[in-house]
Amino acid sequence: MEKVKIIECPRDAMQGIKTFIPTEKKVQYIQALLRCGFDTIDFGSFVSPKAIPQMVDTAEVLSKLDLSATSSKLLAIVANVRGAIDACKHSEIDFLGYPFSISENFQMRNTHKTIAESIEVLAEILNHADKNNKRVVAYLSMGFGNPYGDPWNVEIVGEWTEKLSAMGVEILSLSDTVGTSNPETINYLFSNLIPAYPNIEFGAHLHTTPTTWHEKVHAAYQSGCRRFDGAIQGFGGCPMAADELTGNMPTEKLFSYANSQKADTGIKAMSFESAYNEALKLFREYH
């Protein structure tokens, strides 16, 4: 049976909510997710509290999680070397996620660094991760297109993949930041990159409207992608997205699609239903 990794992203779902979600509520929700059997939980971030106030309690949340009965690994987003050093202090964290944009405009908006500076930061993060027995997931944001007028084409994506591979990046998630992906581009990128870089595990972090999720997931899956990021009910997504219907890929849709392909996600249906209900309660209260 084909294996599909689903990465649940409560951090992405929560980070844009202005009302602070109490630490205990975050812990309760993430604990429910840990019972589901997701490959990885993107649970928090070590970034400036000024930039993302919602994630100021990531270390505290981590300290309160019971990881004794879960098979899921933990991923934390970092935006700079200081964040990577902070994350590396926690043995429970398996992955450091670093958003690297091939759009100069978006890289400046997201991390206040140029692409050239960002590559140097990534090199240092890879070094810290290696010393601390952690792996890095590099997110190639604007991977499927660019609404800011910066140069973008599939050749540029290929060139950056080559550079990141040479640096030692082993997991590369192509990220659709503002919903610009389409099935043709998704198919072209994955069907060309996956065979060319067998040393890299490629993932898809897709944003979508409710009517276009299937065609995007289908294009990625048929092109060989077996790693997908999602958030229950599509909560979250990039705050820069102009269309309020554009959000994260709904995890329940990923789960349904994987089942339709008879793929093994490792997710326990009853536990997922329970976590889904927890999500509805939490996000109705704080969204």
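Anyway, here's the lowdown on the structure attached to this text. (Residues numbered from 1 in each chain as written. Predicted model: local features only at pLDDT ≥ 70, side-chain atom pairs only at ≥ 80, totals over all residues. Heavy atoms only, no water.)

Quick look at helix α7 (residues 154-167)
Alright, step 1. With 14 residues, α7 ought to run about 20 Å at 1.5 Å a step, and its terminal C-alpha atoms sit 20 Å apart, in line with that.
Alright, step 2. Along α7, the positions that sit buried rather than exposed are I156, V157, G158, W160, T161, L164 and S165.
Alright, step 3. Structurally, α7 contributes buried residues whose contacts are with β4 (95-101), α6 (115-131), β5 (135-141), β6 (171-175), α8 (183-196) and β7 (201-205).
Alright, step 4. Capping of α7 at its N-terminal end is provided by N153; its side-chain oxygen lies 3.0 Å from the backbone amide nitrogen of E155.
Alright, step 5. At the C-terminal side of α7, G168 shows a positive phi close to 105°. (Helix = DSSP H or I, 4+ residues; strand = E, 2+ residues; numbered from the N terminus. Expected span 1.5 Å × (residues − 1). Buried < 20%, exposed > 50% of the residue type's maximum accessible area, 1.4 Å probe, protein only. Contact = heavy atoms within 4.5 Å. Polar contact = N/O pair within 3.5 Å; in protein donor to acceptor, adjacent residues only side chain to side chain.)

Notes on the environment of S103
Alright, step 1. Tracing the sequence through the fold places S103 in the loop between β4 and α5 (104-111).
Alright, step 2. The exposure class of S103 is buried, given its relative accessible area of 0%.
Alright, step 3. For the pair formed by S103 and L140, sequence separation is 37 residues and the distance between their alpha carbons is 9.6 Å.
Alright, step 4. Residue contacts for S103: discarding those within four places in its chain leaves I115, M142, N146, Y148 and D150.

Points about α6
Alright, step 1. Here α6 is 17 residues long and its end C-alpha atoms lie 25 Å apart, about the 24 Å a rise of 1.5 Å per residue gives.
Alright, step 2. Inspection of α6 places I115, S118, V121, L122, I125, L126 and A129 among the buried residues, and these make up the whole buried set. Viewed end-on, α6 has its buried residues packed into an arc of 145°, placing them on one side of the element. Pointing more than 90 degrees away from the buried face of α6 are the exposed residues A116, E120, D130 and K131.
Alright, step 3. Lining the buried residues of α6 we find β3 (73-78), α4 (81-88), β4, α5, β5 and α7.
Alright, step 4. The positive-phi residue at the C-terminal boundary of α6 is N133, with phi of around 60°. (Arc of directions from axis to C-beta.)

Examining a negative patch on the surface
Alright, step 1. A surface patch of negative charge is lined by E104, E117, E120 and E124.
Alright, step 2. In terms of residue count, α6 provides more of the negative patch than any other element does, three residues in total.
Alright, step 3. Tracing the backbone through its elements, the reader meets E120 in helix α6. (Patch = residues over 30% accessible without salt bridge, like charges linked within 9 Å, V, L, I, M, F, W, Y side chains within 5 Å. Areas by Shrake-Rupley, 256 points an atom, 1.4 Å probe, with all protein chains shown as cover. Salt bridge = Lys/Arg side-chain N within 4 Å of Asp/Glu carboxyl O. Lys, Arg positive; Asp, Glu negative; His and termini not counted. Charge placed at Lys NZ, Arg CZ, Asp CG, Glu CD.)

Things to note about the side chain of D39
Alright, step 1. Note that D39 resides in the loop between α2 (23-34) and β2 (40-46).
Alright, step 2. Residue D39 is classed as buried on the basis of its relative accessible area of 16%.
Alright, step 3. A polar atom in the side chain of D39 sits 2.7 Å from the side chain of T40.
Alright, step 4. When neighbours within four sequence positions are excluded, D39 is seen to be in contact with K5, I6, S71, S72 and K73.

Structural notes on the packing of aromatic side chains
Alright, step 1. Tallied over the entire structure, the rule returns eight aromatic pairs.
Alright, step 2. Ring geometry for F100 and W160: centres 5.1 Å apart, planes at 65°, overall edge-to-face. In this pair, F100 is assigned in strand β4 and W160 in helix α7, connecting sequence segments 60 residues apart. Residue F100 shares its accessibility class with W160, and that shared class is buried.
Alright, step 3. For the pair F255 and F272, a centre-to-centre distance of 5.5 Å together with 65° between the ring planes defines the contact as edge-to-face. One end of the pair, F255, is in helix α10 (residues 251-260); the other, F272, is in helix α11 (residues 269-286), and 17 residues separate them in sequence. Residue F255 shares its accessibility class with F272, and that shared class is buried.
Alright, step 4. Positioned above the aromatic ring of W160 is the side chain of K163, whose terminal nitrogen or guanidinium carbon lies 4.2 Å from the ring centre.
Alright, step 5. Its guanidinium or amino end placed over the ring of Y221, R226 lies 3.7 Å from that ring's centre, counting from NZ or CZ. (Phe/Tyr/Trp six-rings, centres within 6.5 Å; stacked < 30°, edge-to-face > 60°. Lys NZ or Arg CZ within 6 Å of the ring centre and 35° of its normal.)

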